[in-house]
Each structure stands twice: as C-alpha cells, then as structure tokens.
Amino acid sequence: MNWYLNPNLKLMFNWIHFEGTRTPLDPIGNQTSGDAIAARLHVGLLMATLVASATRPAYHGGSVLPGFRRSMVFTLVYLGVIVMLPLAAVLVRGFDEGLGHFAKVALSDRALAAYKLSFGAAAVAALINAVFGLLVAWVLVRYRFPARRLLDALVDLPIALPTAVAGIALTAIYAGNGWVGQWLEPLGIKIAFTPTGVVIALVFIGLPFVVRTVEPVLADLGKAQEEVAATLGAGRWMTFRRVLLPAIAPALLTGVALAFARGVGEYGSVIFIAGNMPYTSEIAPLLIVIQLEQYDYVGAAAIAVVMLSLSFTLLLAINLLQGWSRRRMGMGARA
Amino acid sequence: MQLKLEGIDKHFGKAQVLDRIQLEARSGELLALLGPSGSGKTTLLRIVGGLEQPSAGRVLYGNDDTSGWPIQQRRVGFVFQNYALFRHMSVFENVAFGLRAQARKVRPNETQIRARVHELLSLVRLEGTHTRYPTQLSGGQQQRVALARALAIEPRVLLLDEPFGALDAQVRKELRRWVRQIHDRTGLTTLFVTHDQDEALELADRIAIMHAGKLAQVGTPDEIFDEPATRFVHEFVGESSALPVDVDAGRVWFEGRALDLISRHDLSGAADLLFRPQHVALVDADSSAIPARVLGVVRVGARFRIETEVGKAATRVEIESNVKPDAARGAILHFKPLRWKLYRRANPGPIGSTALAVGTPSIDGENSPQYSAVAGVA
C-alpha cells in the first residue's frame, strides 16, 4: 500500500501546501510512480490556473500575485476533488448501516486497542525521531565529512523503499533468531511481534520527515548563532535550549507531525514485524484490511472514519501549537 | 588589555591561510585588519576570539596564554558580520543573553540585568526598542544591538568582523564615527576586520595590512599611506600609478630620460616607479619631467583629475589638480612625482606582473634590511 493512498497522509499532503514555502519538504517527491503522477497532476493544474490568470491581465490592486479570488476558487476546487470528496465518501459509507453497526465495528474493544497501538506507537516513534532526527540533521548541516553525501542520501531511503521490504528487513533483524534479536532474546527483550517492534518500524519510517524539515532551517540559521552564544559564555546546553531549539521549534514540530501522521497510517512495514495479535500488536490499518477481506466495506469505512477524525484533530492541534510557537518566538512579528 | 599574537599559522587541509603572523595590539588601541578578500584577516580574527584554533603559535591576552581556553571563558566581545542576532528574542533578551549565561555564583539578579541592559541600550542609543525583535530593526540598529550584546559581558577585547559591511553608505559613515566614540569611552582594545581602506584609515589607530596570509605592513594610517612598505600596500591603499623605469646607480631613467629623481640607495636594475595622483606636480616642459598625453579631465569633488597615458606602452597615469587644468584631449603635459617609491621588478616582464620581493616587515618596526622599497622626495 502506497502512502499517497492513505487518507491520513493525503491530509498531511494538503496541510503541507497550506504551510507553503516555510515547509521545505515536498511530500510529493519523486520516489514512486504514483507520487510522480500525483505531482504531475498537481503541477498541471497549477499551470492551468496560472495560464488562466495570465490570459486576462486584470488589475489586482497593484499586486503581482494572481487574483485572490481566482486562486482561492482553484484551491477550494482542488482540495474538494482531491481530498474532501474521497473523505466524504468514507464518512458517508461509514454510517451506511446505521450507528449500531458503526459502533459494533469501529468502537469494539479490538478496534479500540488497535487505535491505541496505532496512535500510541506513532506518537512514541515521532518523539524518538524528534530527538535523533534533530541530531542527524544537525550533524549533516554543521559538519563536512567524507561520506556526508552518502549519509545524506541514506536518510531518504525509508521513504523510497517499498514499505514491505522495510518490514521484512526489520523482522529479519529483530526476530528471535535475527542479527540483533538473537542477542536481545536471552536478555528477555523481545522486539519482533510486540508493540516495541511496531515502534521500531515507525521510527525507521518517520526519520526522513524530521531530518528533512529541520535540515534547511538549521542551515539557514547558520553556525554564527551558536558561535555568538559561545562567545557570550553560553555552554552547549544553554545554546541548544535558548538559541537552537526555539529557532527550529516550528520546523521540528512540522517534522514530528509528519512523522506521526505517517506512522498512524503506516501499514506495509508494520504488519511484518508486529505479529498482528489482536488486542496487543494489531494496528488499526490492518483492522481495516481485515474488514475488507471479510467484505465488510461499511465496517472498514467505519474504522477509517474514527482514524480520520482522530488524525485530523491531532494534526489540527499540532498546527495550532506550531502557529503559537512561531508567534511566541517573535516570528509572527515579522514586519 | 594588550593583545599579542605570536607566530600564528593556520592551515585548512593543504592550504595555508595564515603564515607566521606576529602582531600586537596595545591596550586600548583600535587596530584594523585590512586586506583583500581571501587574505586571511577574518580567520585571524576568529583565532584571536577562540572560534578557530591556530595550527601553530599562540594568542596572549595581556600576559595570559589563551591556548586551550574554552571560548566561553575568554570573555571576548565578538560582533559577527551579519550580527547573528537571536531572531526569536527581543532586543532586551539579546542583550541580556550574555548576563544570563554567567555562572550562577556571579550571575546578576533580574533587577541588575534590567539595569545593565538599559544602560547598554542607552549607550548604543537604542532606548525604547527593547521589546522589538531583530527583524523589526534597520541594519544599523541591528548592528548596534549586536554591539550592545557583545559589550554586556564586559569583554577583555572587542572583535568586529566587517562591522559596516552590510550597511549603506550614509549609515556606514555615521556608525564609523559612533563606533570610534564607543571605543574611546569604553577604552577596550578593539580589533576590526575590513576590506574598506577608507574605513580603516579613518577609524583605526593602527592598521595591519594582510596579503595572502601574511602581514604586509603594520602602522598608523599616515605611515601606511605615506610610507608603504611593499608594492602591494602601495597599490592596495590609496590610488597609485606605476611606471616602468630603469635605475642606474641610484639614478632613475624613464625611456631614455634621466628623471631628476635620485634614490638614496645606490642600486641598479629594472624597477617600477609608484606615485599617487595627489603627489604629482605639473611642470613646464623639461627633459627631466615626464611627458603625458591627456585623455580627459574629470571633476572629483572639489578637485580635478587628469587622466593621461605615458610612454610607449601608454601606461595610464592619473594626476590630481586643485585647479581646472587648461588641457584639451590629446595635449601633452609634463609632470614630476613629488613623493614616489621604487620597487624592484624581480623578473623583467609586463608592468606590475611581479611585485618586488619584499621581506615581511616585523611588527616592532625594524624594517627589513633589503633595499626593497626605496623612498625619496624629489
């Protein structure tokens, strides 16, 4: 399953476009053919609007930007067709057989456990990535070393890799007889086929999102900020806490939100390592697939509706938090 | 506090950026590091500030060898080229940063911090801007915030990297004068890097000219301008014209004319005669004067500049004059350099291709015994 088909990620995709130029990561990368098509479609439509506005050179109150009304209409239509329509279909479908069926499937104990795992593991993985992704980004930006380009390319690999490949690879490593697993098993640490395994898979999947969003902001910040802090007597920790972190907080939040959203919707890499035991290591997207395999389309849609609303709420909250942190850091005060 | 650099070398990989730099800034002195880009001046400043470690040599603050001192303990006020203000902090917090960073035992309390910050802001004439953010300030204001922030930690030395580089001409001029005032009031030993000679000549007590990782000359603005130690300094600071001449036992010959310029040193060989447009007198036709063909006259402020070409090689020579010269294009004028210098050409060849080999003058002013640069007043 490709991530661009994932409703949660679709949501993210639009969210990013709202963010505009501040967000350096372009999720419609050039990784898979599906993405490429989406990108082309996107660019095509964009061109169409620009051409449309160019053909009738209207006076836009002296602004060189295309007219607000025209671009707004385009934006709404685009979002409507690409995002709202499918989501509306899911929403309607979810309640097709009444609230009773909806509750039975989407709010069953098994489903609740799955939501908890999906959202919980995604949150934990996103936080882990917040710390280590930041570290990776910092090293890539601040230092010049021989294999830097190689390492840099490596960061994107989790996005490029078919998720199933990642899942199989991770399982092979962390299973009881795997490279890493065989050393951990005697210590009583089990990773594969447990929620820990899910977290590890999601950490793997989410890393590029944090690194790629933080990297350009760090580069833009320059090392002079850190140097000046040092000349003023600040140690590493104070420099990090008072100079670096506030400056990159909005970008870091974006990265974490992306990693989290990706984690919630992740399917391919997780199902191999999770073991998929109901109530303990079964993720919500898998539950949807199980419903589909039983031809319970309404049930599948019902679970999707719950995931959708949870994701949307959380992403909206993160977005608001981000706006708040930016204002607090004086970024909003830019004249 | 006096600042001493002893034999500073710096390599980046194979490239040698600094070559045995010996330099001393006297206590309370405003010293400019002047040089073209790539001459190593910023690297030297960063080494003094502890942002960079020298490959060899040492930096002394007063009598303390700073090798191995962590930068946090050096107490240097470093103002970066683009100010590096903390964009997410108000002006107040920017200036207070260094005070808050102090160790708990010596850290002033909130009231003291507030008093100190406001005192500094009034020193840099930025009262009332303390709640603003850097992005809301003009370039000149940002620069002053950066300076106030650096002064907050009561630095031992003040280091400024191209302090006026990013400002427009008008603000530049104003800030120059004002930085001089601040310097005089605080009495701090100050080093500043610049590629702008006017800035260095106007502002500095002494100027250290850097060229390709070496010190070409250290001296007062007058010494630098009037007594350049090397051909590079002569051409880099101020304007100059160079004529290819032959020297025979101290006598200067230009294309078969014996000029009445006599070198005090008895030397011979091919050399370049350098002089400034300001140090040229127009004279009547005379076999010992140099004839020049007028290309044009332009007004430069209150004065006039005659552009001419001289000799077979049509060397460009500029002459400055207080009165509008009565010279049409194509007319022939005669001139004599009043102050001039000879630089021996190591290899005969195109004019100015090779500067005369010159020993790097040492800091204490004992000039190299080589007869590299020979000055005279005709």
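All figures in this text were calculated on a predicted structure; none of them were measured in a lab.

Caption draft 1: Representation of the interface of chain A and chain B within the structure. Facing the 24 residues of chain A at the interface are 24 residues of chain B. Between chain A and chain B lies a buried interface of about 2,200 Å² when both sides are counted; carbon and sulfur atoms form 60% of it. Looking at the side of chain A facing chain B, the largest losses of area belong to A:T231, A:L232 and A:R242, adding up to 31% of the total buried there. On inspection of chain A and its partner chain B, the count reaches three salt bridges. Residue B:R87 pairs with A:D220 through a salt bridge whose shortest N-O separation is 3.8 Å. Between chain A and chain B we count five residue pairs in polar contact (both at pLDDT 80 or more) in total. Going through the elements one at a time, α9 (195–221), α10 (224–231) and α11 (236–265) of chain A are the ones with two or more residues in the side of chain A that touches chain B. The biggest single contributor to the side of chain A that touches chain B is α10(A), with seven residues. Here the residues of the side of chain A that touches chain B are counted per class, giving 13 nonpolar, five polar and six charged.

Caption draft 2: Highlighting α9(A). Residue and element names in this part refer to chain A. With 27 residues, α9 ought to run about 39 Å at 1.5 Å a step, and its terminal C-alpha atoms sit 38 Å apart, in line with that. The sharpest bend along α9 reaches about 40° and sits at G206, with the proline P208 one to four residues further on. Count one or two residues on from α9 and you reach G222, which has phi positive near 75°.

Caption draft 3: Highlighting the sheet that holds strand β9 (residues 206–211) of chain B. Residues and elements named next belong to chain B. A sheet is described by the order of its strands in space; here six strands give the open sequence β6-β7-β8-β3-β9-β10, paired in mixed fashion. Whereas interior strands pair on both sides, the edge strands pair on one side only; in this sheet they are β6 (76–79) and β10 (214–219). Pairs of neighbouring strands in the sheet enclose a mean axial angle of 15°, with direction left out of account. Docked against the sheet, helix α4 (residues 139–151) engages β6 and β7 (157–161), running at close to 165° with respect to β6.

Caption draft 4: Summary view of the pattern of salt bridges. Within this structure, the stated rule accounts for 37 salt bridges over all chains. Its salt-bridge partner being A:R236, residue A:E226 comes within 3.1 Å of it at the nearest N-O pair. One end of the pair, A:E226, is in helix α10; the other, A:R236, is in helix α11, with 10 residues separating them in the sequence. Under the relative-accessibility criterion, A:E226 is labelled buried at 8%. Its salt-bridge partner being B:R305, residue B:E320 comes within 2.4 Å of it at the nearest N-O pair. Taken as a pair, B:E320 in strand β18 (residues 315–321) and B:R305 in strand β17 (residues 303–310) lie far apart in primary sequence, 15 residues in all. Across the pair, B:R305 and B:E320 agree in class, each one buried. Taken together, the shared-partner salt bridges in this structure form one network comprising B:E239, B:R303, B:R305, B:E318 and B:E320.

Conventions adopted
Residues numbered from 1 in each chain as written. Chains lettered and ligands numbered in written order. Predicted model: local features only at pLDDT ≥ 70, side-chain atom pairs only at ≥ 80, totals over all residues. Heavy atoms only, no water. Contact = heavy atoms within 4.5 Å. Buried area = accessible area lost by both parts, 1.4 Å probe. Salt bridge = Lys/Arg side-chain N within 4 Å of Asp/Glu carboxyl O. Polar contact = N/O pair within 3.5 Å; in protein donor to acceptor, adjacent residues only side chain to side chain. Helix = DSSP H or I, 4+ residues; strand = E, 2+ residues; numbered from the N terminus. Nonpolar A, V, L, I, M, F, W, Y, C, P; charged D, E, K, R; others polar. Expected span 1.5 Å × (residues − 1). Bend = angle between axes of the 7 residues up to and from the residue. Pairing = 2+ DSSP bridges. Axes fitted to C-alpha atoms, helices over the stretch in contact; angles between N-to-C directions. Buried < 20%, exposed > 50% of the residue type's maximum accessible area, 1.4 Å probe, protein only.

It is worth stressing that arrangement in space is one thing and function is another; only the former is reported here.
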